[in-house]
Number of protein chains: 2
Amino acid sequence: MKSDIQIAQEAEQRPIKEIASKLNIDELQYEPYGRNKAKLPLNLIDEEKVKKSNLVLVTAITPTPAGEGKTTTSIGLSMGLNRVGKNAIVVIREPSLGPVFGIKGGAAGGGYSQVIPMEEINLHFTGDMAAVEKAHNLLVALVDNILQFKNDQFEIDPRTITLKRVMDMNDRALRNIVIGLGGTTQGVPRETGFNITAASEVMAILCLATDLEDLKKRLGNMLIGYTFDGDPVFARDINAHGAMATLLKEAIKPNLVQTLEGTPAIIHGGPFANIAQGTNTVLATKMGMSLADYTITEAGFASELGAEKFFDIKCKSGGLEPVAVVIVATIRALKYHGGAKLADLANEDIEALQKGFANLDKHIENIQHFGYQPVIGINQFATDSEKEIALLEEYCEKKGVKVALNSSWEKGGEGAEDLVQKVIEAAESYKNTFKFLYNNEFSFKEKIEAIATKMYGAKGVEYSLKARKNLEQYEKLGVDLNVCIAKTQKSLSDDAKLKGRPTDFIITIRDVEIASGAGFIIPIAGSIMRMPGLPKVPSAEKIDIDVEGNISGLF
Amino acid sequence: MKSDIQIAQEAEQRPIKEIASKLNIDELQYEPYGRNKAKLPLNLIDEEKVKKSNLVLVTAITPTPAGEGKTTTSIGLSMGLNRVGKNAIVVIREPSLGPVFGIKGGAAGGGYSQVIPMEEINLHFTGDMAAVEKAHNLLVALVDNILQFKNDQFEIDPRTITLKRVMDMNDRALRNIVIGLGGTTQGVPRETGFNITAASEVMAILCLATDLEDLKKRLGNMLIGYTFDGDPVFARDINAHGAMATLLKEAIKPNLVQTLEGTPAIIHGGPFANIAQGTNTVLATKMGMSLADYTITEAGFASELGAEKFFDIKCKSGGLEPVAVVIVATIRALKYHGGAKLADLANEDIEALQKGFANLDKHIENIQHFGYQPVIGINQFATDSEKEIALLEEYCEKKGVKVALNSSWEKGGEGAEDLVQKVIEAAESYKNTFKFLYNNEFSFKEKIEAIATKMYGAKGVEYSLKARKNLEQYEKLGVDLNVCIAKTQKSLSDDAKLKGRPTDFIITIRDVEIASGAGFIIPIAGSIMRMPGLPKVPSAEKIDIDVEGNISGLF
């Protein structure tokens, strides 16, 4: 069997001009990045077309460590829709170098449902991630420079600075650090740390901004810390937002690439869904909707993370409303949730599968909370037995939800034929039933509890002393903020070990960070870290390039 | 008077296709980055053409804080050569965001001798700087991951790790830090710090590599630290170099842009000349020489820094030999060295000017040490009096060195007419007189002392205990390494306050770093830092972007 990178390297790449012309975009309207990538100008967004276009969200059940194929399904679905004469586009997130060099690998789909150029997409791409990182770190450098030279003007209490630096790297040793050591010319010593760039507030802002003006305003609203008198200090107070927005001048433009079948694909913004808001940019989604009748998009990890944030943060902020929701399920993951071991997932195990249905149930309920009847997309693996597949299909039908077997990993758009039909049916019968999970009037704790009980299935929420104090302080800001919980993706609960559908558990909020420019607080549940670490054997040790420039080990 | 950014924004930008076609490069050979930038493939380098092409180095006298216009002169000279029918190209370094947001501003020339698109060149450009940063930091993350998980295999003594992380930012608070705090899951605590990306060893390697294979080999040769038994550990020992080279796949390709007059310009690699080796990449220079009869290149700051490193490191490593050397001098800087105050440099001051000639003398001698008779290019300012200019011209003529008044800042290529003639004369009469300053057989101390006495004019060198110990340790590696001294650019000495031509001083080497992959040691003289800090009022606070995307405050 060919690896993802082999398939991608052997693929015919159409000139980006040809992809753009499919969307009626003239050569002079976009900016090429190499021969097969381009940046699209924001004036191609057409709010009238956005209102009429069909937005489809792809989410998933609780994943195994390998992921269940949301991106693969999204890409396959977009290609399948084009095959039946629909004008469809896929809009997904940009990969982060952290997972690429860590354990998960790239994020450009898999098998015959990939976006290309796979290598460039996974490495640097058009530089957006780097621009976000620079804009974020410039703000923090300006803050430390104030402490060094002119804190008499600003009176920032160094102990209250909540903003960390960011780096697009899995680097646990940077989580907790002390900076500014070495004497009076070397800065003011203080405790701080790094988050991964995907969890940067600037990334969140880029993903929610509606234009350059809104971007700059949001950057200016980033909370830095407090004065010695307890007054909040924002990025605008130290004149950082203009230079930050300048650094994001190109990064704000969505990126156009292609799928293996030449379907247009937009890739833009890359926040993780466990430790950040987990969806591509509002601008990219609107760009897709301006250019196509069907826009397929995804939100990271399972429904309680990516989908919840997609609806309650992205749709609310961007005024978006999907017409259909797909839940990606795999026989493998269901067996895993039913108690089968990772090493045994290739073996038929009816009992484990049936036990695992409980996890699927919860994700169906979660999507129903938002007013949708989901379509279950079974991402087929060669190791799935016919009996297992039949059982899952039967189970879904009994529950009254549409189900489709999807083999687009193996067959590309053709493999998504059944899923395409079910999605069209769902979209055409959608009746504006979308609703948010919580109201803006809720207190922070009410919002957190709504998510924890309705989405995670928790019986309650406990807060550390630090979390309570932070919530009190953030409430004093008097700004309406959403809630973007950081939680493990490995379980519906905040305990990675609890598979299936855990019940009778408490969510522990150990800390709360804030992203006031992005417009949310970030309660941190359990032991999740906003700077991941590398595994014992990182992918980086296996990635290589030969003298001709051919890359291997990237998957 | 128009600002640099106004002139750049008003300029007619030719499509990159047109610039490439001037060099006989077909549209299918390069990769476009936007409509006015491109990456050139390495197979365009032709070693036979490199041998025949005329390489001209532009260096300078000791600068004022604003810089004396080496890049402006290089660009003007290339445009002027084209005006008289020579096929010329300019090859310069990529700007770093540190100075852009700090005090110096951009590095794309000035007035009517600029490279464009000025804003993109100064901000992110084609992503090379970010790629260097990621490759470097990936190595350090892999090292800290070994300490966390598998140091039983490697036995790296954490206290001996010399490699720091890097960030393209002026951020003094990151110079001395403690990482890995917070308990057993958060890394191994150790002292370390960040250098600016321009001073990264990966940047040095990118600038000296002759192809992708050499790049990877050099990355593998980067010293990480030592085992508990005192054996050196290199990047290749932890399998980091393959992934690092993969990250540099695109960054290794030189970037093509244009000057304001449509002359082709190559911009590639961005090490500073005070704290790093200060010249663009060997590959970019060879690319220029493959494509043009005259290649104008520059080396950072004054002759004792950039030019010394250009000859002794870059030319040695890349097998290059210039045919002429220009020393850029300004009336302003000479008066400054003669005792005039920064605020008074616009006023005629014959006495100060004459005293300042001593600084020029030393830089002429420095270039003569390498076997060249330099051409003095007077970078003209509106405030220079006729009397001052006449005096300087007369002084140079008396010394028997060619001198030319150059007004290319004001007039573009036309303003370089006289300089062009002098450079052609020098090039055509060049007789392979080039020689290095020191032999490979010299000990580290002999190499350092050759540079300190012959280039800086010092009477001797003193070493701190730490510097001595490091030198002893590096000698044990048994590798032939050049010397790349980090020293202030503000003085010929290591004391920024000593203007003019200091004499009777001692150079103090307080520390020595190593870049074994790049092929040199880095003795650190005086109090210079390899991570700069922001000034009290950083440029960043004045840089802004409006709703239409127009940038202001970038200069």
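What counts and what doesn't
- Residues numbered from 1 in each chain as written.
- Chains lettered and ligands numbered in written order.
- Predicted model: local features only at pLDDT ≥ 70, side-chain atom pairs only at ≥ 80, totals over all residues.
- Heavy atoms only, no water.
- UniProt positions renumbered as here; feature names shortened; annotations may be inferred.
- Phe/Tyr/Trp six-rings, centres within 6.5 Å; stacked < 30°, edge-to-face > 60°.
- Helix = DSSP H or I, 4+ residues; strand = E, 2+ residues; numbered from the N terminus.
- Buried < 20%, exposed > 50% of the residue type's maximum accessible area, 1.4 Å probe, protein only.
- Lys NZ or Arg CZ within 6 Å of the ring centre and 35° of its normal.
- Contact = heavy atoms within 4.5 Å.
- Buried area = accessible area lost by both parts, 1.4 Å probe.
- Polar contact = N/O pair within 3.5 Å; in protein donor to acceptor, adjacent residues only side chain to side chain.
- Nonpolar A, V, L, I, M, F, W, Y, C, P; charged D, E, K, R; others polar.
- Axes fitted to C-alpha atoms, helices over the stretch in contact; angles between N-to-C directions.
- Parallel < 35°, antiparallel > 145°, perpendicular 65-115°, else oblique.
- Domains from an automatic or database assignment.
- Salt bridge = Lys/Arg side-chain N within 4 Å of Asp/Glu carboxyl O.
- Expected span 1.5 Å × (residues − 1).
- Pairing = 2+ DSSP bridges.
- Left-handed = near helix turned anticlockwise from the far one by under 90°.
- Patch = residues over 30% accessible without salt bridge, like charges linked within 9 Å, V, L, I, M, F, W, Y side chains within 5 Å.
- Areas by Shrake-Rupley, 256 points an atom, 1.4 Å probe, with all protein chains shown as cover.
- Lys, Arg positive; Asp, Glu negative; His and termini not counted.
- Charge placed at Lys NZ, Arg CZ, Asp CG, Glu CD.

In the nomenclature of an unreviewed UniProt entry, chain A is known as Formate--tetrahydrofolate ligase of Balneicella halophila. Reading the Pathway (unreviewed entry) entry of the UniProt record for chain A gives the comment "One-carbon metabolism; tetrahydrofolate interconversion." The UniProt entry for chain A carries the following text under Catalytic activity (unreviewed entry): "(6S)-5,6,7,8-tetrahydrofolate + formate + ATP = (6R)-10-formyltetrahydrofolate + ADP + phosphate".

Chemist: Whenever I open this one, the packing of aromatic side chains confuses me. Can you help?
Modeler: Each aromatic ring pair is summarised here by two numbers: the centre-to-centre distance and the angle between the ring planes. Enumeration over the complete set of coordinates arrives at 18 aromatic pairs over all chains. Pairing Phe434(A) with Phe436(A) gives two aromatic rings, centres 5.1 Å apart and planes at 75°, and the pair type is edge-to-face. Judged by centre distance (5.6 Å) and plane angle (20°), the ring pair of Phe311(B) and Tyr372(B) falls under stacked. Highlighted residues: Phe311(B) in helix α13 (residues 303-318) and Tyr372(B) in the loop between α15 (350-369) and β17 (375-379), separated in sequence by 61 residues. The exposure class assigned to Phe311(B) is buried, which follows from its relative accessible area of 0%. One aromatic cluster is present, formed by Phe310(A), Phe311(A), Phe370(A), Tyr372(A), Tyr430(A), Phe434(A) and Phe436(A) through successive ring pairs. Directly above the aromatic system of Phe381(A) lies the positively charged group of Arg332(A), at a separation of 5.1 Å from the ring centroid. Seen from the ring of Tyr456(B), Lys487(B) lies directly overhead, with NZ or CZ sitting 4.9 Å from the centre.

Chemist: What is the right way to read the interface of chain A and chain B from this model?
Modeler: Buried accessible area, meaning the area lost when the parts come together, often serves as the stated size of an interface. Opposite the 74 residues of chain A that make contact, chain B presents 75 residues. Both faces considered, chain A and chain B share a buried interface measuring about 6600 Å² in area, 62% of it formed by carbon and sulfur atoms. Here chain A and chain B share 35 residue pairs in polar contact (both at pLDDT 80 or more) between them. Mapped by element, the contributors of at least two residues to the side of chain A that touches chain B are β1 (31-32), α5 (97-101), α7 (128-149), β7 (165-167), β8 (177-179), α10 (212-220), α11 (241-247) and β23 (544-545) of chain A. Among the elements that make up the side of chain A that touches chain B, the one with the highest residue count is α7(A) (12 residues). Of the residues that constitute the side of chain A that touches chain B, the class distribution is 37 nonpolar, 16 polar and 21 charged.

Chemist: Honestly, the packing of helix α13 (residues 303-318) of chain A against helix α15 (residues 350-369) of chain A in this entry has me stumped. Any pointers?
Modeler: Each packed pair of helices is defined by two parameters, the angle between the axes and the distance between the axes. All names here are of chain A. Close contact between α13 and α15 brings their axes to 10 Å; oriented N to C, the two are set at 10°. Here α13 is positioned roughly parallel relative to α15, judged by the angle of their axes. For the pair α13 and α15, contact is made by Ser-303, Glu-304, Ala-307 and Phe-311 and by His-363, Asn-366 and Ile-367, respectively. Looking at side-chain class alone, the contact of α13 with α15 contains three nonpolar, three polar and one charged residues.

Chemist: Would you mind showing me how to read the domain arrangement of chain A here?
Modeler: All names here are of chain A. Looking at chain A, the domain boundaries give domain 1 (4-124 + 258-428), domain 2 (128-247) and domain 3 (444-525). Taken together, the contact between domain 1 and domain 2 spans 25 residues of the former and 17 residues of the latter. Both sides together, the interface formed by domain 1 and domain 2 hides about 1600 Å², and carbon and sulfur atoms give 59% of it. The three residues of domain 1 that bury the most area against domain 2 are Gln-277, Leu-283 and Ser-317, which together make up 22% of that side's buried surface. On the surface where domain 1 and domain 2 come into contact, there are one salt bridge.

Chemist: Please clarify how the UniProt feature "binding site: ATP" (unreviewed entry) in chain A should be interpreted in this entry.
Modeler: All names here are of chain A. Under the UniProt annotation, the feature "binding site: ATP" (unreviewed entry) is placed at Thr-64, Pro-65, Ala-66, Gly-67, Glu-68, Gly-69, Lys-70 and Thr-71. Tracing the backbone shows Pro-65 in the loop between β3 (54-60) and α4 (70-83). If we ignore the near neighbours within four places in the chain, the residues touching Pro-65 are Tyr-336 and Leu-342. Relative to the helices and strands, Glu-68 resides in the loop between β3 and α4. What Glu-68 contacts, discounting residues up to four positions off in sequence, is Pro-63, Val-328, Thr-330, Ala-333 and Asn-379. Side chain to side chain, Glu-68 and Thr-330 meet in a polar contact 2.6 Å long.

Chemist: Which parts of the structure should I look at to understand helix α18 (residues 417-428) of chain B?
Modeler: Residue pairs spaced three or four apart in an α-helix point in one direction, given the helix's 3.6 residues per turn. Residues and elements named next belong to chain B. Taking 1.5 Å per residue as the helical rise, α18 with its 12 residues ought to reach 16 Å, and the 17 Å between its terminal C-alpha atoms agrees with that figure. Along α18, the positions that sit buried rather than exposed are Leu-419, Val-420, Lys-422, Val-423, Ile-424, Ala-426 and Ala-427. Packed against the buried residues of α18 are β3 (54-60), α4 (70-83), β15 (294-298), β16 (324-329), β17 and β18 (402-406).

Chemist: What should I look at first to understand the sheet that holds strand β21 (residues 506-515) of chain B in this one?
Modeler: The pairing of strands in a sheet comes from backbone hydrogen bonds and takes either a parallel or an antiparallel form. Residue and element names in this part refer to chain B. Pairing within the open sheet is mixed, and its four strands lie in the order β19-β21-β22-β20. Each having just a single partner strand, β19 (460-463) and β20 (482-483) make up the two edges of the open sheet. Pairing geometry for β20 and strand β22 (residues 520-525), over two bridges, is parallel. Paired with Val-483 across the strands is Ile-521, a residue of β22.

Chemist: So what exactly am I meant to see when it comes to the packing of α15(A) against helix α16 (residues 386-399) of chain A here?
Modeler: Residue and element names in this part refer to chain A. Contact geometry for α15 and α16: axes closest at 11 Å, N-to-C directions at 35°. Seen from above, α15 lies across α16 with right-handed handedness. Where α15 approaches α16, its residues Ile-350, Leu-353, Gln-354, Phe-357, Leu-360, Asp-361 and Ile-364 are matched on the opposing element by Lys-387, Glu-388, Leu-391, Leu-392, Tyr-395, Cys-396 and Lys-399.

Chemist: Explanation requested: the sheet that holds strand β19 (residues 460-463) of chain A in the structure shown.
Modeler: Residue and element names in this part refer to chain A. One open sheet holds the four strands; their spatial order is β19-β21-β22-β20, and the pairing between them is mixed. Edge positions in the sheet fall to β19 and β20 (482-483), since each of these pairs with one other strand and no more. Its contacts with the sheet place helix α19 (residues 444-456) against β19, β20, β21 (506-515) and β22 (520-525), and it is angled at close to 135° to β19.

Chemist: I'm lost on a negative patch on the surface in this one. Help?
Modeler: Residue and element names in this part refer to chain A. Together, Asp-152, Glu-155, Asp-229 and Asp-231 line one region of the surface with negative charge. Looking at the secondary structure, you find Asp-229 in the loop between β11 (223-226) and β12 (232-234). The exposure class assigned to Asp-229 is exposed, which follows from its relative accessible area of 65%.

Chemist: What's the story with α4(B) in this structure? I'm lost.
Modeler: Residue and element names in this part refer to chain B. The terminal C-alpha atoms of α4, which comprises 14 residues, lie 20 Å apart, in line with the 20 Å expected from a rise of 1.5 Å per residue. With 12 of 14 residues buried, α4 is to be regarded as a mostly interior element. For α4, the full list of buried residues reads Lys-70, Thr-71, Thr-72, Thr-73, Ser-74, Ile-75, Gly-76, Leu-77, Ser-78, Met-79, Gly-80 and Leu-81. Trailing α4 by a residue or two, Gly-85 shows a phi angle of about 90°, which is positive.

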